[in-house]
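Overview (structure and organization)
As a plain string of letters, each chain reads:
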Amino acid sequence: MTEGIFIEGLIYGFMVLGLFITFRVLNFCDMTVDGSFPMGGAVMASLLLKGVPPVAALCASFVCGTLAGLVTAVIHNKFKLPDLLSGILTMTMLYSVNLRIMSGRANLQLLRVNTLFTGITNQFSNVLGYDGSILLFMVILTVVLKLLLDIFFHTDFGLSMGVLGSNVQLIVSQGMNPAVIKTIGICLGNGLTAAAGALAAMYQGFADVGSGTGIIVSGLASLMLGEFIVRSNKIVLQTFRVLLGSVVYRALMYLARSYGYIIGMTANDLKFITGIMIIVCLLLSKTDVVEKIRIGQSRRKRQGAV
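Remember, predicted model here, so these are calculated numbers, not experimental data. (Residues numbered from 1 in each chain as written. Predicted model: local features only at pLDDT ≥ 70, side-chain atom pairs only at ≥ 80, totals over all residues. Heavy atoms only, no water.)

1. A few points about the overall build of the chain
- Across its full length, the chain carries twelve helices and two strands.
- Ordering the α and β elements of the chain from the N terminus gives α-α-α-α-β-α-α-α-α-α-β-α-α-α.
- Against the 2.2 N^0.38 benchmark of 19 Å for 306 residues, the chain shows a C-alpha radius of gyration of 21 Å, consistent with a compact globule.
- When its C-alpha atoms are laid out on the principal axes, the chain stretches across 75 × 50 × 35 Å.
- Scored against the burial criterion, the 306 residues of the chain give a buried share of 48%.
- Long-range contacts, defined as pairs at least 24 residues apart, comprise 77% of the intrachain contacts of the chain with a sequence gap of at least 6.
- Approximately 15400 Å² of the chain is accessible, and the part contributed by carbon and sulfur atoms is 66%.
- Side chains of the chain carry 22 positive and 13 negative charges; the gap between the two charge centres is 7 Å. (Helix = DSSP H or I, 4+ residues; strand = E, 2+ residues; numbered from the N terminus. Rg over C-alpha atoms; globule rule 2.2 N^0.38 Å. Buried < 20%, exposed > 50% of the residue type's maximum accessible area, 1.4 Å probe, protein only. Contact = heavy atoms within 4.5 Å. Areas by Shrake-Rupley, 256 points an atom, 1.4 Å probe, with all protein chains shown as cover. Lys, Arg positive; Asp, Glu negative; His and termini not counted. Charge placed at Lys NZ, Arg CZ, Asp CG, Glu CD.)

Okay, structure coming up:
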């Protein structure tokens, strides 16, 4: 049970990291996630069934996710459409694209196919167990990804990407093209989302064209939970709290599924719970901001009186 929560939390943490890049770093409302997540699973399943090695299939899923993000960025930058509409258009088109990738089938089974997790469990299941082996692999993979992102956001380009989300004019004054920076960020975010979809398909044993429905809502809930638990402006802690929020969200969903019957809740209420959770986090964050403003005003008044 506990191992499964951490595994799912880390797998979906890739998707939440992608949302962190688009929603928080770039301040870009990207709805492409609902299409790029199942796209990663569709590409992974299709390639595995054709005998492609799992590592190559995972890389292909990441690349396809970046291409989906590129389409959104082109629609937004070239056609001057709002970010929300650009993502919705790409998400809608990706549904048909994903069906094409899966040869017109809505679901592909991977139970009889060797996946990336199959090799890991064959090596370490005798020592760590099935879930323990997968958890160890996911921890290592997540730590490597987090370190790479931390290093990236400390580079000049990564810092420019962070500035772009809050001050576009500063980027323009430095002679940099904001459209290029935004495009790379959107591609990176959707690439991570597609990788999460590929990992989820391998772990669950199937790829489904509808697996991305509402995934952005759960991602935002995870993102806000992490921000509520850990508050910091340091990128190292920001990427950590994204992963922490993903694990906490999965734990809360497990508790709701397992013990929700006590208060008459069913699995059909999970989306409702997620929405309430986001609203609560937003209200708490706004309350915190208002309180900080009041404290700052009172301090200035006392300094002025002195």
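2. Here's the deal with empty space enclosed by the protein
- Applying the stated criterion across every chain yields a total of one cavity of 30 Å³ or more.
- What the largest cavity holds in volume is close to 60 Å³.
- Taken together, Phe-37, Pro-38, Gly-41, Ala-42, Gly-197, Ala-200, Ala-201, Gln-204, Phe-206, Ala-207, Asp-208 and Ser-211 make up the lining of the largest cavity.
- At the level of elements, helix H2 (33-49), helix H9 (178-204) and strand S2 (206-208) are the ones that each hand at least two residues to the lining of the largest cavity.
- Here the residues of the lining of the largest cavity are counted per class, giving seven nonpolar, four polar and one charged. (1 Å grid on protein atoms, 1.4 Å probe; cavity = no way out; pocket = protein on both sides within 12 Å on 5 of 7 lines; lining within 4 Å. Points joined across faces, edges and corners; volume = space filled by probe spheres on them. Nonpolar A, V, L, I, M, F, W, Y, C, P; charged D, E, K, R; others polar.)

3. Concerning the pattern of salt bridges
- Here the structure, examined in full by the defined rule, presents two salt bridges.
- The salt bridge involving Glu-227 is made with Arg-24; its shortest N-O contact spans 2.5 Å. Within this pair, whereas Glu-227 is found in helix H10 (residues 215-229), its partner Arg-24 is found in helix H1 (residues 2-25), the two being separated by 203 residues in sequence.
- Two residues, Lys-146 and Asp-150, come together in a salt bridge whose shortest N-O distance is 2.7 Å. On the criterion of helical spacing, the pair formed by Lys-146 and Asp-150 is a turn pair, its members being four residues apart in helix H6 (residues 130-152). Each member of the pair, Lys-146 together with Asp-150, is buried. (Salt bridge = Lys/Arg side-chain N within 4 Å of Asp/Glu carboxyl O.)

4. Description of the environment of Val-209
- Structurally, Val-209 can be placed in the loop between S2 and H10.
- Linking Val-209 and Arg-105, residues 104 residues apart in sequence, is a C-alpha distance of 8.3 Å.
- Look past the residues within four positions of Val-209 in its chain and what remains in contact with it is Pro-38, Tyr-95, Asn-98, Leu-99, Met-102 and Ala-106.

5. Comments concerning the confidence of the model for the chain
- Here the chain averages 89 in pLDDT, and 92% of its residues register 70 or above.
- The secondary structure element of the chain with the lowest average pLDDT is helix H12 (residues 270-305), at 63, and the one with the highest is helix H3 (residues 54-78), at 97. (pLDDT = per-residue confidence, 0-100.)

6. Concerning the nonpolar core
- Core analysis: the biggest nonpolar cluster contains 75 residues, and Ile-11, Met-15, Phe-117 and Met-138 have the highest contact counts within it.
- Not counting the four nearest positions on each side in its chain, Phe-117 is found in contact with Ile-11, Ile-134, Phe-137, Met-138, Leu-199, Met-202 and Tyr-203. (Core = buried A, V, L, I, M, F, W, Y, C linked by side-chain atoms within 4.5 Å.)

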